[in-house]
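Residues per chain, in single letters:
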2 protein chains.
Amino acid sequence: MSIEPLASLDRSTLRERALEVLRTAVLSGRYGPGDHLGEVELAGSLGVSRGTVREALRHLQQEGLVTPGNRGMLRVSSLSPHEVRELFRVREALEGLAVREIIASPGRESAVAALRTALDQLTDDGDFAARIQADLAFHLQLCRLSGNSMLVEAWQRLEGRMRVAILSGAAWQAPMMARDRHAPIVDAIEQGDVAAALRVVEEHMAAAAEHFAGASDPA
Amino acid sequence: MSIEPLASLDRSTLRERALEVLRTAVLSGRYGPGDHLGEVELAGSLGVSRGTVREALRHLQQEGLVTPGNRGMLRVSSLSPHEVRELFRVREALEGLAVREIIASPGRESAVAALRTALDQLTDDGDFAARIQADLAFHLQLCRLSGNSMLVEAWQRLEGRMRVAILSGAAWQAPMMARDRHAPIVDAIEQGDVAAALRVVEEHMAAAAEHFAGASDPA
DNA sequence: CGGGCTGCGGATGTCGACAGTCGTCACGCC
DNA sequence: GGCGTGACGACTGTCGACATCCGCAGCCCG
């Protein structure tokens, strides 16, 4: 007789699991930008019905990972360099708000500590996917620590497009996601200088925007 | 024999039309916060299959108009006063970016003109729904004129929750959506003073946040 | 009288099938 | 040879039915 309680059963629906698999597939580059994602084919591959795949695809569509093409057929999204720059401007506004709220909050010190922890995950080793994950996790943590749930939500709705942007302008030897690039943000928060912190975020986003946009448009 | 080309046919899918009807129903107050939206009932009312209603409901869920309750059953969303305040902080960041980009753009003058036009729709007469529409249309126009498509998208994803917030803290004699409240924003843009414009937006959002949050939490 | 078992009703989850539409391509006519 | 036309295949849109799960009322038993 086991003392420990039985492992909690997986209560997720097929739709959720299919969504997860498809998202991973798209984000891992398993399908390239512009590739057609057919319901029948995917349903066959995943061993589920078309309706289930359909709902997962619709979710991916709202996440911005797939875009409806001709006659509603879904294709893997791609972002133009211009859109990438726009995207990072929005991130700048959002994360700038996060920084302001963190500095203004009483729990600034613990927030800085949490960010330093997230920073440690940003190593140079590990595969590319893991580094993307660590990078985005840091920024997500930044939003979370602001304590503004709506901000977190808004940021997460952009996450899909960010990943598309990163993949799209695949800068494989990206020094962009290095620890050194993010440390100044934390430092500025620790200092408590709002203006300086906002400037750091702005520079970070501008550099990232040019980095990822410029990869496919070296203008 | 008519010279004019035949009126283009309605190419919208049942899902889109169902989505539109359901969104209108929820936003018009036809269903109150917390009300259960059953697939079978709605499918019967709309005369479509459950699957079609299902997809529309999922879309509404991602818009934030409905939230999953017990056992995945969908209920009309409601926002706590705290969440309303958070929401308006995010709007402040987003629309602040819009203002900055408009001021920095060469087409500032035409943007001001367009905003003045939108301002004219903000009259005191008309029913409540029309005034909400005019108010949000003004702010959406603000985002559009920034020329940043990602910003527009991010804002629109918040629109559902904004409407919930407005309905939730239904301030029926809202002087919040008056023309006078919005004119200073346009004026500041026309002046070209970024700092002043951002301050105006901040004040506008703060006032709105307290207005709509305070309606249900008069602290 | 209280607690647990047991149907029952209602809700969502999932599926397979049919219908409608579009792109393509070969065919036949001018 | 060029063009309109029809058939064909592929894909998505839509539907109805079955499976599954949960809450609840009623009943039985201790």
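Residues numbered from 1 in each chain as written. Chains lettered and ligands numbered in written order. Predicted model: local features only at pLDDT ≥ 70, side-chain atom pairs only at ≥ 80, totals over all residues. Heavy atoms only, no water.

1. Brief notes about the relation of the copies chain B and chain A
- Least-squares fitting of chain B to chain A yields an RMSD of 0.1 Å, with the transformation described by 0.0 Å of translation along the axis and a rotation of 180 degrees. The symmetry that links the two subunits is that of a two-fold axis. Proximity to the rotation axis, assessed at the C-alpha, singles out Ala 93 of chain B in chain B; its C-alpha lies 2.8 Å from the axis. (Least-squares fit on C-alpha atoms with pLDDT ≥ 70 in both.)

2. Examining the domain arrangement of chain A
All names here are of chain A.
- Domain assignment breaks chain A into domain 1 (14-76) and domain 2 (81-214).
- For domain 1 versus domain 2, the separation of C-alpha centres amounts to 28 Å.
- Across the contact, 6 residues belong to domain 1 and 6 residues belong to domain 2.
- If you look at where domain 1 meets domain 2, you find 0 salt bridges.
- Counting the contacts that link domain 1 with domain 2 gives 0 residue pairs in polar contact (both at pLDDT 80 or more).
- For the side of domain 1 that touches domain 2, the residue count by class is 3 nonpolar, 2 polar and 1 charged. (Domains from an automatic or database assignment. Contact = heavy atoms within 4.5 Å. Salt bridge = Lys/Arg side-chain N within 4 Å of Asp/Glu carboxyl O. Polar contact = N/O pair within 3.5 Å; in protein donor to acceptor, adjacent residues only side chain to side chain. Nonpolar A, V, L, I, M, F, W, Y, C, P; charged D, E, K, R; others polar.)

3. Remarks on helix α5 (residues 108-120) of chain B
Residues and elements named next belong to chain B.
- Between its first and last C-alpha atoms α5 spans 19 Å; for 13 residues at 1.5 Å apiece the expected length is 18 Å, and the two agree.
- Taken together, the buried positions of α5 are occupied by Ala 111, Val 112, Leu 115, Ala 118 and Leu 119. Looking straight down α5, one finds its buried side chains confined to an arc of 120 degrees; they lie on one side. In α5, the exposed positions angled more than 90 degrees off the buried face are occupied by Glu 109 and Ser 110. (Helix = DSSP H or I, 4+ residues; strand = E, 2+ residues; numbered from the N terminus. Expected span 1.5 Å × (residues − 1). Buried < 20%, exposed > 50% of the residue type's maximum accessible area, 1.4 Å probe, protein only. Arc of directions from axis to C-beta.)

4. Quick notes on the interface of chain B and chain A
- On the side of chain A, 28 residues touch chain B, which itself brings 29 residues to the contact.
- Contact between chain B and chain A buries roughly 2700 Å² in total, counting both sides, with carbon and sulfur atoms accounting for 48%.
- Contact with chain A buries area across many residues of chain B, yet Gln 62, Met 150 and Arg 157 of chain B alone supply 27% of it, more than any other trio.
- Remark: the boundary between chain B and chain A carries 10 salt bridges.
- Of the charged contacts, one joins Glu 55 of chain B and Arg 58 of chain A as a salt bridge, the two residues approaching to 2.6 Å between their closest N and O atoms. (Buried area = accessible area lost by both parts, 1.4 Å probe.)

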